[in-house]
Each structure stands twice: as structure tokens, then as C-alpha cells.
Amino acid sequence: MAKKDEKTRKNAPLIGIDIGGTGIKGGIVDLKKGKLIGDRFRLATPQPATPEAVVEVVAKVVEELSARPDAPETDSPVGVTFPGIIQHGVVHSAANVDKSWLNTDIDALLTARLGRPVEVINDADAAGLAEARYGAGAGIDGTVLVITLGTGIGSAFIFNGRLVPNAELGHLEIDGFDAESKASAVARERDGLSWEEYSVLLQRYFSHVEFLFSPELFIVGGGISKRADEYLPHLKLRTPIVPAELKNEAGIVGAALEIAVKHELAK
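Residues numbered from 1 in each chain as written. Predicted model: local features only at pLDDT ≥ 70, side-chain atom pairs only at ≥ 80, totals over all residues. Heavy atoms only, no water.

Asker: Any chance you could break down the environment of V55 for me, citing the residues and the numbers?
Answerer: Here V55 is to be found in helix α2 (residues 51-66). Note: C-alpha distance between V55 and T111 (56 residues apart in sequence) is 10.0 Å. Filtering out sequence-adjacent residues up to four positions away, V55 remains in contact with W101, L109, L110 and R113. (Helix = DSSP H or I, 4+ residues; strand = E, 2+ residues; numbered from the N terminus. Contact = heavy atoms within 4.5 Å.)

Written as C-alpha cells, this is what we have:
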């Protein structure tokens, strides 16, 4: 009976929460399929996005999800993403939220508020982990680099299916500039570049990253991954490069997956 209970618990869904600069969204994740059970739930990120205010909104999202028929056990762990560097549960950068987050033990703060185990992961890392397990990187051994093109350039470094956390590849210096200041999706819009002109900058960026890491696969995420056919065909690389598949659910799924692996609730 104990073995059956353990197997059932390992296959049980978990809650994932994705904290962003404008919205905090969550969902119940089916870890076998890498998909949400039911609709995701979103609330606006409070302004200013201080630790105390954000934690209260996260609690409301978890409360709503926990009331659903398909919700996991009330003592099950919750995975959370955060838009900053997270090391041993502590925030070490805060680009799109209040600076008072710096040096905050976000794991401890959320665990105390929710009354259940919580672990926080960088948002790009979470999205990359989900994409490598369930999306375009599924079954690929070696190094898979997930690059998100948005306000900046986010990145996730996956090796043999395991995350190497906090790889900030958007901040590589190329031609004297921070890469994301020239090659992010926002930079393209700011500078009024055509897709072909933008492709020249992406070529410079991806060629440099390819030289440094020789990955087996590049996966491109972010909002403009929907327009991948406008720029990916212009890139000439040794490494295959493909658009991400999980889209807006990747962070939620990756947050749940990371905590499931940490608590040995997923294979």
C-alpha cells in the first residue's frame, strides 16, 4: 500500500506560479504531459512590486488554484519563478520588480506565507527546463540552450536534461555592447529594424554563443518566437535552431517540474 501511495504521489499534479513584471500567473501542472490541467489563473503584479505585496498576490493565486477539484494535496510543494538571479533561495537581481527584493530569501518568505514547501527558480531557467523536458528539446542529450527574446535576452542552459542555473547569456559583451541592448526583441522595435536587419544582429549573437558552448540545439522563445519564420531562415549556424513550443505556459510548467525533481516527485 505504501508503494502505491508513493507512486500516486510521484504522478500527482503540482502547482506552478510564474511571477512577472506585469502579471503573476499560475496553474495546476500535469507533470507526465507537461501541460496545465484547466485554465491558468492570473492577477496583476502589484505596484510597487515589493516582497510583501507580491507574496500576498502569490498566496491569492495559490488559494484559487487549491480550491479547484483537480488541485494537489494541500501540503504539496509549490514551484515559483522570479525575474531575477536566484541562488540558494535568495534574490540577487531584480530588473522588473522592486529593488527591495535584493538579498531577500524568497524561498523562506513564500514557505512561511503559504505554509507549504516552496522553491523559487529564475523565470528563464524555468521556461528552458520545461522546453527541454516537454517541448522542442525533449530527448536531446548534451547541451541545449534556450534563448528568450523579449525585453532583454533570457537564457537557460540545459545539459543532459539537467539545468545549469543562472546562465545570463543575454549579458555577454559583443562588439563592445551588452548583447541584449542590441539584439533583444525590444531593441529591434526601438531601432525600427526590419526582420532582415534584425537577423544580422541575431546572427552575430548566436554565432558567438555557438562558438563558446557548441550546443546540440538552440531553442528560441519569447513573444517573437511566433514570428520565427521571419528571421530564423536567415541564420547560418552549425547548430539546429528552432522555435519554442510551450509558449506562455513554459514558466508555470518549469516551476512545477523543478520542485518536483527537487522533492523526487518526478522522474
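On we go from here.
Asker: Give me the lowdown on the pattern of salt bridges, citing residues and values where you can.
Answerer: Summed over the entire model, instances satisfying the criterion amount to nine salt bridges. Across the salt bridge formed by R238 and E210, the nearest N and O atoms sit 3.7 Å from each other. Here R238 is found in the loop between β13 (217-221) and β14 (241-243), whereas its partner E210 is found in helix α7 (residues 195-213), with 28 residues between them in sequence. By sharing partners, the salt bridges in this structure join E119, E258 and K262 into a single network. (Salt bridge = Lys/Arg side-chain N within 4 Å of Asp/Glu carboxyl O.)

Asker: So what's going on with α7? Which residues, and what values?
Answerer: Across its 19 residues, α7 extends 26 Å between first and last C-alpha, which sits within 8% of the 27 Å expected from 1.5 Å per residue. Listing the buried residues of α7 in full gives W195, Y198, S199, L202, Q203, Y205, F206, V209 and E210. Trailing α7 by a residue or two, S214 shows a phi angle of about 45°, which is positive. (Expected span 1.5 Å × (residues − 1). Buried < 20%, exposed > 50% of the residue type's maximum accessible area, 1.4 Å probe, protein only.)

Asker: Which residues make up the sheet that holds strand β8 (residues 143-149), and what values go with them?
Answerer: Note: strands within a sheet are paired through backbone hydrogen bonds, in either parallel or antiparallel orientation. Strand order across the open sheet formed by five strands is β10-β9-β8-β13-β14, with mixed pairing between neighbours. In this open sheet, the two edge strands, each paired with only one partner strand, are β10 (162-164) and β14. The sheet shows a mean angle of 30° between the axes of neighbouring strands, taken without regard to direction. Here five bridges tie β8 to β13, and the two strands are oriented parallel to one another. Opposite I147, over in β13, you have V220 as the bridge partner. Relative to the sheet, helix α4 (residues 123-134) contacts β8, β9 (153-159), β10 and β13, its axis offset from that of β9 by approximately 45°. Contacts from α7 reach β8, β9, β13 and β14 within the one sheet, and its direction differs from that of β8 by about 150°. (Pairing = 2+ DSSP bridges. Axes fitted to C-alpha atoms, helices over the stretch in contact; angles between N-to-C directions.)

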